[in-house]
Amino acid sequence: MGRGSSKPAAMTNESSAHFFKLEEDITCSICLQELSDPVSITCGHTFCKPCISSYWATPQPQGHRCPECRKVCPRDQLIPAYRLQHLVSKVQLVVKEEQSKMTPARPIQLVYTDATCKMWLDESAVDRCFLDSEISDCPLCLICVIGEKRRGKSSLLNYILRALHRLEKGQPVSLGEDDEALKGFDWRSGTNSVTKGIWAWSSPFILKRNGEKMAVFVLDTEGSLDIESDRETCIKLSALSMLLSSYLIFNVSGSLKTTELDYLEMYLHVSELTGESFSLQYLQHLNILVRDWQGDDNCGREAAKSYIEHETEKLRKSQKNHRVLETLRSPSVSGFLLPYPGKTFLRSSQGRLSDMDDDFRGHLTTYVSDLVERLWLHHKTDVRSERITCGHLGGMLKDFVQTLQREHFSCASPVEMFYSLENHKNIKNTVKKFKDFEEKVAPINSSLFKILGVRTSKMREMVNAEASRLLDEYEQSLKGTDIAARMDFKEDMKVVLDQEVKRFCDEYSKRFTKCAVGIGCAVGGGVLSLAGGIAGAAVAASILAAEVGAMAIGAVGGSVTLGAIGTGVGAGVGGAIGHSEKNKSQKTKGTGNDDAATSEDTQELVPKPTL
């Protein structure tokens with residue numbers, strides 16, 4: 001089921017064999033693994049850089065030999081193979097996808113919660129479902145079922161899988177053969193639940209119509225409306241169900257009871273807040289499926305419409321569950337009443353159509369057929385009603401669960417959960433503001449003289465001040481009444497800003513060093529001696545990667561190379577800046593305090609030459 005046999009394989013057997021042979025060709029002969037950080041040696045053979053460095057670590061009397069051809073090669077001539085590294089990454093990705101397609105489709109767990117209500121995400125499962133290169137840019141539809149445990153959710157989804165499998169292959173929609181045992185999501189009779197958290201069918205169904213393509217996902221949720229579970233787990237899973245689904249089935253037994261209406265009220269509140277946080281359209285479609293309907297002999301879609309109208313009137317009079325009342329009146333809601341399936345079916349563990357009462361079988365066939373044939377109306381969309389892709393949703397899913405994984409995170413109410421989502425989102429916004437500040441004070445295309453106009457010590461002061469200001473601004477923006485959670489968010493923000501400050505200061509220091517070396521050599525050579533300037537520049541260029549002391553070494557190197565007077569001026573320039581920056585760096589390291597590097601420099605940038 002999913003990616004059926006009517007769809008051509010991504011590779012023929014012959015091309016697949018060639019591709020796996022290519023994987024062997026990009027294997028390091030030392031570690032026998034895929035090449036990592038590949039480098040070529042002078043004989044032309046390629047190895048992982050750590051592997052060949054370790055292999056040649058022991059001195060050899062006849063020189064360092066290639067592990068493959070035994071030719072003597074210089075140890076210091078390791079040429080990075082960037083294109084090969086890119087090829088290795090591509091091969092690994094495609095091989096992983098091919099291996100995945102060889103594995104039959106099955107249920108895989110995307111999300112689960114542990115005993116402490118902490119939510120976990122299987123990122124490899126998300127990658128397999130949503131980030132496959134064939135579908136990552138494809139629009140999608142997600143069918144998700146929520147409801148109390150042991151109310152037939154998994155068996156319902158398995159019949160939907162059968163129908164989608166036939167629709168994908170271009171066959172008439174049906175629920176399968178009479179005596180075909182039900183397979184797919186794990187299900188069985190009894191009181192013990194099977195699924196925990198959210199499971200997904202590992203391969204989406206790819207539907208095509210009028211040149212368009214859509215990926216359809218089927219998800220089974222357990223715990224979002226589990227009255228025996230805790231409130232926090234219900235809130236988290238309800239929010240996640242909303243984030244994922246574009247067609248949500250609210251599965252209930254017998255009737256819409258008070259407890260279920262209360263949970264639905266909470267779910268709708270969560271949906272609204274979560275949609276706002278992630279810019280998703282609020283509640284795309286809600287289908288209320290009532291199982292084991294006992295009210296009368298009338299079942300189906302039209303009977304459900306009358307039942308929903310009756311429940312709407314009751315809610316209007318009771319003045320309770322205002323969100324449920326408003327939702328039931330909207331066109332984004334539909335319903336269906338299913339009769340009792342029969343004792344034979346309930347006693348069986350096979351789920352065969354032949355065991356169902358005829359009335360139930362007919363209504364179930366109608367329900368599933370109508371659902372899958374109308375899926376083109378239920379693309380997943382954002383708040384602007386624009387379709388989103390599989391890759392987009394996979395990224396949002398990771399971001400969402402990362403927020404709910406916080407060590408001290410709790411959500412006693414949907415509003416508190418919304419506040420946490422907003423606080424997490426503002427961390428990203430604050431980082432963006434810091435990067436905007438970076439571009440303002442030190443644009444990537446800054447001239448050499450503009451960089452030298454602001455010493456590293458002064459720049460460090462500026463970025464630390466901006467980081468402090470942004471942290472204060474973030475603290476003022478924090479939402480929620482949980483003081484401990486607010487403090488945790490502030491500490492997270494401080495850690496992120498400290499990392500950004502360190503990264504920027506390290507990069508700026510290197511830029512400043514390069515500019516100082518360059519101008520030191522260029523000024524000296526340009527004033528009195530072209531030859532001396534060229535020599536100085538050549539020496540400086542060879543040591544630009546070194547931060548502390550690079551300017552002094554480069555300039556002096558230019559001075560001694562040809563002994564030109566002009567390059568002596570270059571040495572003065574580079575030496576002055578290099579000496580100053582080196583002293584500041586040593587002071588900073590000695591004290592462990594950035595403030596030690598904030599003193600003003602008193603040396604001239606370009607000393608006057610003595611004639």
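The rules we used
Residues numbered from 1 in each chain as written. Predicted model: local features only at pLDDT ≥ 70, side-chain atom pairs only at ≥ 80, totals over all residues. Heavy atoms only, no water. Helix = DSSP H or I, 4+ residues; strand = E, 2+ residues; numbered from the N terminus. Buried < 20%, exposed > 50% of the residue type's maximum accessible area, 1.4 Å probe, protein only. Contact = heavy atoms within 4.5 Å. Areas by Shrake-Rupley, 256 points an atom, 1.4 Å probe, with all protein chains shown as cover. Salt bridge = Lys/Arg side-chain N within 4 Å of Asp/Glu carboxyl O. pLDDT = per-residue confidence, 0-100. Pairing = 2+ DSSP bridges. Expected span 1.5 Å × (residues − 1).

### With respect to the overall build of the protein chain
Scanning the protein chain from N- to C-terminus turns up 19 helices and twelve strands. Here the protein chain holds 611 residues, and the buried ones make up 49% of them. Sequence separation of 24 or more characterises 72% of the internal contacts of the protein chain that already satisfy a separation of 6 or more. When the accessible surface of the protein chain is totalled, it reaches about 29,800 Å², and 52% of it is carbon and sulfur.

### Considering the pattern of salt bridges
A complete count under the given rule lists 28 salt bridges for this structure. Between D355 and R352 there is a salt bridge, and its shortest N-O distance comes to 3.5 Å. As a salt-bridge pair, E438 and R503 come within 2.3 Å of each other at their nearest N and O atoms. Of this pair, E438 sits in helix α13 (residues 414–441) while R503 sits in helix α16 (residues 483–527), and the two are 65 residues apart along the sequence. Judged by its relative accessible area of 11%, E438 is buried. What makes R503 partly exposed here is its relative accessible area of 24%. Overlapping salt bridges bring together K435, E438, E500, R503 and E507 as one network.

### Details of the confidence of the model for the protein chain
With 73% of its residues at a pLDDT of 70 or more, the protein chain has an overall mean of 77. Note on residues 3–11: pLDDT under 50 across the span, and 19 contacts to partners over four residues away in sequence or across chains. Low pLDDT, under 50, characterises residues 588–611; the stretch is placed with 28 contacts to residues that sit more than four places away or in other chains.

### With respect to the pairing of strand β12 (residues 333–337)
Burial analysis of β12 places four of its five residues in the buried class, which makes it a mostly covered element. Summarising the sheet, strand β11 (residues 286–291) and β12 pair through five bridges and their orientation is parallel. In the strand pairing of β12, L286 is matched with V333.

### What to know about helix α7 (residues 258–278)
When the terminal C-alpha atoms of α7 are compared, their 30 Å separation across 21 residues agrees well with the 30 Å that a helix rising 1.5 Å per residue should span. The element α7 is extensively covered by neighbouring structure, given that 16 of its 21 residues are classed as buried. Just past α7, the residue S279 takes up positive phi, approximately 55°.

### Quick notes on the sheet that holds strand β2 (residues 46–48)
Read from one edge of the open sheet, three strands run β2-β1-β3, paired in antiparallel fashion. Each edge of the sheet is formed by a strand with only one pairing partner; in this case those strands are β2 and β3 (79–80). Bridge count between strand β1 (residues 38–40) and β3: two bridges; the pairing is antiparallel. Within the sheet, the bridge partner assigned to S40 lies in β3 and is I79.

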